[in-house]
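# Summary of the model geometry
What follows is the residue order along each chain.
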Amino acid sequence: MSLDVSPQLLADAEKGEVREEEFVKTVRTSLPYAYDLIASLVGELRAGTAEFADNRTPPPSERERGQLLRALSSDAIRGSLERHFGVALAFQNCHRVAVFPAEARGGATYARFTSLRSQILNQSPEFRDC
């Protein structure tokens with residue numbers, strides 16, 4: 001299971017009333033590695049002058065890798081994290097997450113990072129089974 005949903009959040013969803021703030025809190029507690037990694041990259045982006053901040057360090061275990069994959073493969077989770085932090089996320093391989101300013105989506109640097117060419121150039125044998 002991806003998220004540890006509280007009974008109250010489940011009841012809210014059953015009524016059709018889900019507050020995004022509560023959803024993000026659930027993501028944060030359910031997928032702490034993914035949330036903390038993205039939060040760290042957001043801090044790095046805001047503190048620096050680079051066009052984006054990215055992670056190139058593999059997760060410490062498959063458990064953390066699974067959290068990252070679940071967070072970034074779910075449109076709802078990914079979208080909520082983007083809105084919560086005010087950024088655009090991009091993802092390559094099994095752990096290379098990049099954080100861009102929200103307005104960079106559609107720009108040249110974002111397009112280059114998310115291009116087919118960039119994906120191919122960022123492959124290596126160790127990524128095949130991740």
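Structure: above.
A few points on the structure. (Residues numbered from 1 in each chain as written. Predicted model: local features only at pLDDT ≥ 70, side-chain atom pairs only at ≥ 80, totals over all residues. Heavy atoms only, no water.)

## Quick look at the overall build of the protein chain
A tally of regular secondary structure across the protein chain gives seven helices and three strands. Of the regular secondary structure in the protein chain, the N- to C-terminal order runs α-α-α-β-α-α-β-β-α-α. Its C-alpha radius of gyration of 15 Å places the protein chain within 12% of the 14 Å reference for a compact globule of 130 residues. Counting only C-alpha atoms, the protein chain reaches 45 × 35 × 25 Å along its principal axes. The contacts of the protein chain with a sequence gap of at least 6 include a subset with a gap of at least 24, amounting to 60%. Of the roughly 7,800 Å² of accessible surface on the protein chain, 52% is carried by carbon and sulfur atoms. Across the protein chain, 16 positive and 18 negative side-chain charges occur, with their mean positions spaced 4 Å apart. (Helix = DSSP H or I, 4+ residues; strand = E, 2+ residues; numbered from the N terminus. Rg over C-alpha atoms; globule rule 2.2 N^0.38 Å. Contact = heavy atoms within 4.5 Å. Areas by Shrake-Rupley, 256 points an atom, 1.4 Å probe, with all protein chains shown as cover. Lys, Arg positive; Asp, Glu negative; His and termini not counted. Charge placed at Lys NZ, Arg CZ, Asp CG, Glu CD.)

## Concerning the pairing of strand β2 (residues 87-92)
Counting buried positions along β2 yields five of six residues, so the element is predominantly enclosed. Alignment of β2 against strand β3 (residues 96-101), held across six bridges, turns out to be antiparallel. The residue of β3 that forms the bridge with Val87 is Pro101. (Buried < 20%, exposed > 50% of the residue type's maximum accessible area, 1.4 Å probe, protein only. Pairing = 2+ DSSP bridges.)

## Details of the packing of helix α3 (residues 32-47) against helix α4 (residues 62-73)
Direction vectors running N to C along α3 and α4 enclose 70°, while the axes themselves pass 7 Å from each other. Here α4 runs roughly perpendicular to α3, going by the angle between their axes. Together, Pro32, Tyr33, Ala34, Leu37 and Ile38 of α3 and Glu64, Gln67, Leu68, Ala71 and Leu72 of α4 make up the contact between the two elements. Class assignment for the residues of the contact of α3 with α4 results in eight nonpolar, one polar and one charged. (Axes fitted to C-alpha atoms, helices over the stretch in contact; angles between N-to-C directions. Parallel < 35°, antiparallel > 145°, perpendicular 65-115°, else oblique. Nonpolar A, V, L, I, M, F, W, Y, C, P; charged D, E, K, R; others polar.)

## Some thoughts on the environment of Pro7
Tracing the chain through its elements places Pro7 in helix α1 (residues 7-15). Considering only alpha carbons, one finds Pro7 and Glu17, ten residues apart in sequence, at a separation of 13 Å.

## A word on the sheet that holds strand β1 (residues 53-54)
Strands sit in the order β1-β3-β2 across an open sheet of three strands; the sheet is antiparallel. Unpaired on one side and paired on the other, β1 and β2 mark the two borders of the sheet. Packing of α3 onto the sheet brings it into contact with β1, β2 and β3, and relative to β3 it is tilted by some 45°.

## Some words on the packing of aromatic side chains
Per the stated rule, a full pass over the model turns up five aromatic pairs. Seen in terms of ring centroids, Phe52 and Phe100 are 4.9 Å apart; in terms of plane orientation they differ by 25°. Their pairing is stacked. With Phe52 in the loop between α3 and β1 and Phe100 in strand β3, this residue pair connects regions lying 48 residues apart in the sequence. An aromatic cluster of three or more residues is present, and its members are Phe52, Phe100, Tyr110 and Phe113. (Phe/Tyr/Trp six-rings, centres within 6.5 Å; stacked < 30°, edge-to-face > 60°.)

On their own, these measurements won't tell you what the molecule is for.
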